[in-house]
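# Structure assessment
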Amino acid sequence: MELQHRRLDDAPPSGRMSFCLTTDLTGNGRPDVLVGALGGEYPVTLPVLDKEIDLRKLPGTREAIHRREWNVFWYENPGWERHDVARAPDLSVGGALGDVTGNGRMDLVAGQNINQYDLYWFEQPDDPREEWTRRLVTDDFEKYHDVAVADVDGDGDVEVVGLSQESEVVFYYDVPEDPRREPWPVANRHVVAENLDVEGVQIGDFDGDGDVEILAGPNVFHRADDGTWTRERIAEGWEWTRVVAADVDGDGEDEVVVTEGDLPYQGDRRARLAVFDPPDWEATVLHDDLSNPHSLQVADLDGDGTPDIYVAEMGLESGHDPRQFVFWNGGDGTFDAEVIVEGAPTHEAKLVDLDGDGALDIVGKSYVEPSVDAWFNVV
């Protein structure tokens, strides 16, 4: 696999970038790149007497600057012009795109990080280059790490799914008749699970029974006819996860691929990558010495008809060169690991055909360093 690196932006408007999403916002057939951030990290300097004074360090200015930062922005493909479109301090990891209003345009859903309580949706205007209107869904929970927009109850309409880590709740909202009302009615909220602190979400019919399930961390939630949800545990002891359900061994059933995306940053052991095979969820560990592998994608990267596994490290470990891996699929549930990029941290990276040549490229942004990057797959 031959990759060509391109820096899309070395001076984004906000620090601690938390999510990276791709969709065609302009209608030209090319995926654009949308980024959200916690913000509040980069120095804001002012020259005074031949010295640079960081305004963030002055009393009373840090929060004022933080509130005024653009921390939702997107890059227009081609050319990669940046458009700063929304402000919402402390946006957490795992934003999602979906048509909340039903007008055919992708809106953004994202929640705040630890010690913050707001879950927002951002309405895409007629011209996506203009400011996106921020609206409150709820402020009842703390820290929303991963959300999704999908039809989870089979009624033909999308819902907004949220994972609140600090409140330990998995929930979803029916979109109200007027989605622009703030906040959304509590009557529209459905609690899927409580006392559960998880990361990573995907919505789909994973067991082939015709009903939609919620994959939340290493758990599958099945919906009963009465609207209640039953938890099926995939694995115990897997924490801070990124998850993808896909048929990676060609047996016609979806396996669940899991990485421990925030280890060792959030713990004292190395992170693992494994494939869990239903119905007993037997684990095949593909790697057990990873460093904060917070990017996980499953897609066919070499065009052989079988899905490969992409994993990238986010570069939080001192003295460790972050790596990007492809685990090449042998077609029978076996994988060969290859390091395809080394020394370049990335976070929440996505596999997407950026240049329209039919090959999947990589786009991501760092979590700490100020950069948005792409690696083009040369075919």
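Residues numbered from 1 in each chain as written. Predicted model: local features only at pLDDT ≥ 70, side-chain atom pairs only at ≥ 80, totals over all residues. Heavy atoms only, no water.

The name recorded for the chain in an unreviewed UniProt entry is Repeat domain-containing protein, from Halogeometricum rufum.

### Details of the pattern of salt bridges
Scanning the entire structure with this criterion turns up 19 salt bridges. Linking Glu 348 and Arg 242 is a salt bridge whose minimum nitrogen-to-oxygen distance equals 3.2 Å. Of this pair, Glu 348 sits in strand S28 (residues 347-352) while Arg 242 is found in strand S20 (residues 241-246), placing the two residues 106 residues apart along the sequence. Here Glu 348 and Arg 242 have matching classes, each one buried. The closest approach of N and O atoms between Arg 272 and Glu 260, which form a salt bridge, is 2.9 Å. Of this pair, Arg 272 sits in strand S22 (residues 271-277) while Glu 260 sits in strand S21 (residues 255-260), and the two are 12 residues apart along the sequence. Judged by relative accessible area, which is 22%, Arg 272 ranks as partly exposed. (Salt bridge = Lys/Arg side-chain N within 4 Å of Asp/Glu carboxyl O. Helix = DSSP H or I, 4+ residues; strand = E, 2+ residues; numbered from the N terminus. Buried < 20%, exposed > 50% of the residue type's maximum accessible area, 1.4 Å probe, protein only.)

### Structural notes on the layout of surface pockets
Approximately 690 Å³ is the volume found for the largest pocket. If you trace the largest pocket, you find 30 residues lining it, with Leu 21, Gly 95, Val 201, Gln 297 and Lys 350 closest to the centre. Among the secondary structure elements, those contributing two or more residues to the lining of the largest pocket are strand S2 (17-23), strand S8 (96-98), strand S12 (144-150), strand S16 (201-204), S20, strand S24 (295-299) and S28. Considering only residue class, the lining of the largest pocket consists of 17 nonpolar, nine polar and four charged. (1 Å grid on protein atoms, 1.4 Å probe; cavity = no way out; pocket = protein on both sides within 12 Å on 5 of 7 lines; lining within 4 Å. Points joined across faces, edges and corners; volume = space filled by probe spheres on them. Nonpolar A, V, L, I, M, F, W, Y, C, P; charged D, E, K, R; others polar.)

### A short note on the side chain of Gln 324
Within the secondary structure, Gln 324 is located in strand S26 (residues 323-329). Separated by 2.7 Å, the side chains of Gln 324 and Tyr 310 make a polar contact. (Polar contact = N/O pair within 3.5 Å; in protein donor to acceptor, adjacent residues only side chain to side chain.)

### Focus on the sheet that holds S20
Neighbouring strands of a sheet are bound in pairs by backbone hydrogen bonds; such pairs are parallel or else antiparallel. If you walk across this open sheet you meet the four strands as S20-S21-S22-S23, and the pairing is antiparallel. Among the strands making up the open sheet, the edge pair consists of S20 and strand S23 (282-290). Averaged over all pairs of adjacent strands, the angle between strand axes in this sheet comes to 15°, irrespective of strand direction. Of the pairings in the sheet, the one linking S20 to S21 comprises six bridges and is antiparallel in character. Each residue of the ladder has a partner; that of Val 244, found in S21, is Val 257. (Pairing = 2+ DSSP bridges. Axes fitted to C-alpha atoms, helices over the stretch in contact; angles between N-to-C directions.)

### A word on the environment of Gly 210
Here Gly 210 shows up in the loop between S16 and strand S17 (213-216). Residue classification places Gly 210 among the exposed residues on the basis of a relative accessible area of 59%. Sequence separation between Gly 210 and Pro 13 is 197 residues, and the spatial gap between their C-alpha atoms is 44 Å.

### Structural notes on the packing of aromatic side chains
Under the defined criterion, the tally for this structure stands at nine aromatic pairs. On the numbers, 5.2 Å between centres and 80° between planes, the contact of Trp 238 with Phe 276 is edge-to-face. Here Trp 238 is found in the loop between strand S19 (229-233) and S20, whereas its partner Phe 276 is found in strand S22, with 38 residues between them in sequence. Just as Trp 238 is buried, Phe 276 falls in that class too. Each member of the aromatic cluster is reached from another via a ring pair, and the members are Phe 141, Tyr 144, Phe 171, Tyr 173 and Trp 184. Against the face of Trp 70 rests Arg 87, its NZ or CZ located 3.7 Å from the ring centre. (Phe/Tyr/Trp six-rings, centres within 6.5 Å; stacked < 30°, edge-to-face > 60°. Lys NZ or Arg CZ within 6 Å of the ring centre and 35° of its normal.)

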